[in-house]
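Here are the chains, one letter per residue:
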Amino acid sequence: MSSWKKVAKTGQREHRERHQPEVRQHLGLLEKKKDYKLRSRAYHVKQNKLKKLYRKAMYKNPDEFCFHMVNSEIKDGFHYEKDKPEEHSDAQKKLMLTQDANYINYKLNNELKKIEKVKSTVALLDIEERPKNTHIFYVDSKSKAKNFDVAKQLQTHPALLDRPFNRPTLDSLKNMKLQDNLDEDLLKKTSKQISQQYNELSKRIDRAQELSVLSRKLEIKKKLSNKNEPPCRLVKPATKSNAPIYVWKNIRKR
């Protein structure tokens, strides 16, 4: 029956709202029913929101605590979010947007190989990281130990005792022919090459460290995408130099 009613209404005349009489045109546009409905609906929506806010403020607990309060504060009556440390550097953001984890690991392996190659060509002067060699001499009595002369025992000059290697004896020093005129250009060239290699090594180490952090971030991001194994808690948030640290529940797998 409803379908027949719809068919019957197709031939009916469309009822329109009458136009504004010319007498009232000086008062401006009169409000139509559709305009009134929109205004009324918007008014009631605002009133309902205000009622909810009034009710929430009325029953507010002054001792209430929310964890978001740790990362926010109120200044001069306005609510502000505290500045958080940036999780990624600009280079990490570009790589995360354009490349995947396989490419990051590939570049990291290449950088590590190049670092080893540069290390093999450059004589590192990091004496603190090297193990300190010890040379023990045994004597018969304490009096001999007090008057013991290491340079005399090794038959070398006292200025050469700090050298762990290439320590010539006094006889070899006498027979050695020292060059009086050294090539200054060659010395400058070699020193410049050494400084360039050290700069390259430091840059490659920084890049390798940044790639390793980014690889760790992508690995954790992939693990977080698994909704079946959510983490228990966040121990440490991510920074530019460190990946985030999460704790997962121990699950025994067969």
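Worth saying up front: this structure is predicted, and the values here are computed from it rather than measured.

Caption draft 1: Fine view of the pattern of salt bridges. All chains considered together, the criterion is met by seven salt bridges. A salt bridge links Arg204 to Glu200, with the nearest nitrogen and oxygen atoms 3.2 Å apart. Of this pair, Arg204 and Glu200 both sit in helix 8 (residues 184–224), separated by four residues, roughly a single helical turn. Here Glu200 falls in the partly exposed class, since its relative accessible area comes to 33%. One network of salt bridges, with partners in common, ties together Glu111, Glu200, Arg204 and Arg207.

Caption draft 2: Layout of the confidence of the model for the chain. Of the residues in the chain, 78% have a pLDDT of 70 or more, and the chain-wide mean is 77. For the stretch residues 124–129, pLDDT sits under 50, and the model shows five contacts to residues farther than four places along the chain or on other chains. A low-confidence stretch, residues 179–183 stays under pLDDT 50, and its non-local contacts, those more than four residues away or across chains, total one contact.

Caption draft 3: Quick peek at the packing of aromatic side chains. What the rule picks out here adds up to three aromatic pairs. Between the aromatic rings of Phe65 and Phe67, the centroid separation amounts to 5.4 Å while the plane-to-plane angle is 75°, which identifies the pairing as edge-to-face. Like Phe67, Phe65 is exposed. Plain terms: the ring middles of Tyr246 and Trp248 are 5.9 Å apart, the flat faces sit at 55° to each other, and that makes the pair tilted.

Caption draft 4: Up close: unusual backbone geometry. In this structure, Asp76 is a non-glycine residue whose phi angle is positive, near 55°. Among the secondary structure elements, Asp76 is positioned in the loop between strand 1 (72–75) and strand 2 (78–81). We classify Asp76 as exposed; its relative accessible area is 76%.

Caption draft 5: Fine view of a positive patch on the surface. A cluster of basic residues, Lys46, Lys49, Lys51, Lys52 and Arg55, forms a positive patch on the protein surface. Relative to the helices and strands, Lys49 is located in helix 2 (residues 33–58). By relative accessible area, Lys49 is classed as exposed at 55%.

The rules behind these values
- Residues numbered from 1 in each chain as written.
- Predicted model: local features only at pLDDT ≥ 70, side-chain atom pairs only at ≥ 80, totals over all residues.
- Heavy atoms only, no water.
- Salt bridge = Lys/Arg side-chain N within 4 Å of Asp/Glu carboxyl O.
- Helix = DSSP H or I, 4+ residues; strand = E, 2+ residues; numbered from the N terminus.
- Buried < 20%, exposed > 50% of the residue type's maximum accessible area, 1.4 Å probe, protein only.
- pLDDT = per-residue confidence, 0-100.
- Contact = heavy atoms within 4.5 Å.
- Phe/Tyr/Trp six-rings, centres within 6.5 Å; stacked < 30°, edge-to-face > 60°.
- Patch = residues over 30% accessible without salt bridge, like charges linked within 9 Å, V, L, I, M, F, W, Y side chains within 5 Å.
- Areas by Shrake-Rupley, 256 points an atom, 1.4 Å probe, with all protein chains shown as cover.
- Lys, Arg positive; Asp, Glu negative; His and termini not counted.
- Charge placed at Lys NZ, Arg CZ, Asp CG, Glu CD.

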